[in-house]
Amino acid sequence: MLTDDFTAYAAKVNINLKEPVSADSIQKKLTTFLSLIASECSDNGAYLIGHIKCVVESEKGFYASSITAPTDTPSVRGEMGDGSESLEVIINVLLYGLDKLTVKQITKAAVPVSLSFVDAEIKIWDLESEENQPIHFG
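All of these numbers come straight from a predicted model, not from anything done at the bench.

Here we take up the packing of helix α1 (residues 23-43) against helix α2 (residues 100-114). Closest axis-to-axis distance for the α1/α2 pair is 9 Å, and the angle between their directions is 145 degrees. Every pair of crossing elements has a handedness; the one defined by α1 and α2 is right-handed. Side by side, α1 and α2 meet where K29, T32, F33, L36, I37, E40 and C41 of the first sit next to I106, T107, A110, V111, V113 and S114 of the second. Class assignment of the residues belonging to the contact of α1 with α2 gives a composition of eight nonpolar, three polar and two charged.

Below you can see the structure in the form of structure tokens.
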């Protein structure tokens, strides 16, 4: 049931890596990313997380991950080999209790904290914006 305090937000993150990275490090960063968004949303007033989902693709495979509560460990499925040199991340947040601007700010703030690699270039696109200019990190 959708109510006035339902929020949906989607973004895309591109990460160009200077050095190839392991699948294990990508999976760890992915679960940290989703956990951080879930806990920050909860701490800021979200009372129900429908889902926070993420798909990470590289030339070595993909991971799909999701979380529905800030105290949960994100589930991860898919396969990815070692040696990824670039990543595309699609994030989708559906929850109740926060406005879209707050969810957007929380999500974008979590990217450089959770998804950074040494000397990586990170760009974030708001998938709902008509201007759709990337924000650059790194």
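Here we come to the nonpolar core. With 37 residues, the main nonpolar core has I15, F33, I37, I52 and I91 as its most contacted residues. Mapped onto this core, the elements with two or more residues apiece are β1 (6-21), α1, β2 (48-58), β3 (61-67), β5 (84-96), α2 and β6 (121-126). Sorting elements by how many residues they give to this core places α1 first, with eight residues. Once residues lying within four places of it in the same chain are set aside, the contact partners of F33 are C54, I91, T107, A110, V111, S114 and L115.

A contiguous nonpolar patch, built from V55, F62, I90 and L127 and spanning about 280 Å² of accessible area, is present on the exposed surface. Turning to its location among the elements, L127 is positioned in the loop between β6 and β7 (135-137).

With that settled, consider a negative patch on the surface. There is a patch of like negative charges on the surface, built from E19, E59, E85 and D119. Positionally, E19 belongs in strand β1.

Cut-offs used in this document
Residues numbered from 1 in each chain as written. Predicted model: local features only at pLDDT ≥ 70, side-chain atom pairs only at ≥ 80, totals over all residues. Heavy atoms only, no water. Axes fitted to C-alpha atoms, helices over the stretch in contact; angles between N-to-C directions. Helix = DSSP H or I, 4+ residues; strand = E, 2+ residues; numbered from the N terminus. Left-handed = near helix turned anticlockwise from the far one by under 90°. Contact = heavy atoms within 4.5 Å. Nonpolar A, V, L, I, M, F, W, Y, C, P; charged D, E, K, R; others polar. Core = buried A, V, L, I, M, F, W, Y, C linked by side-chain atoms within 4.5 Å. Buried < 20%, exposed > 50% of the residue type's maximum accessible area, 1.4 Å probe, protein only. Patch = residues over 30% accessible without salt bridge, like charges linked within 9 Å, V, L, I, M, F, W, Y side chains within 5 Å. Areas by Shrake-Rupley, 256 points an atom, 1.4 Å probe, with all protein chains shown as cover. Salt bridge = Lys/Arg side-chain N within 4 Å of Asp/Glu carboxyl O. Lys, Arg positive; Asp, Glu negative; His and termini not counted. Charge placed at Lys NZ, Arg CZ, Asp CG, Glu CD.

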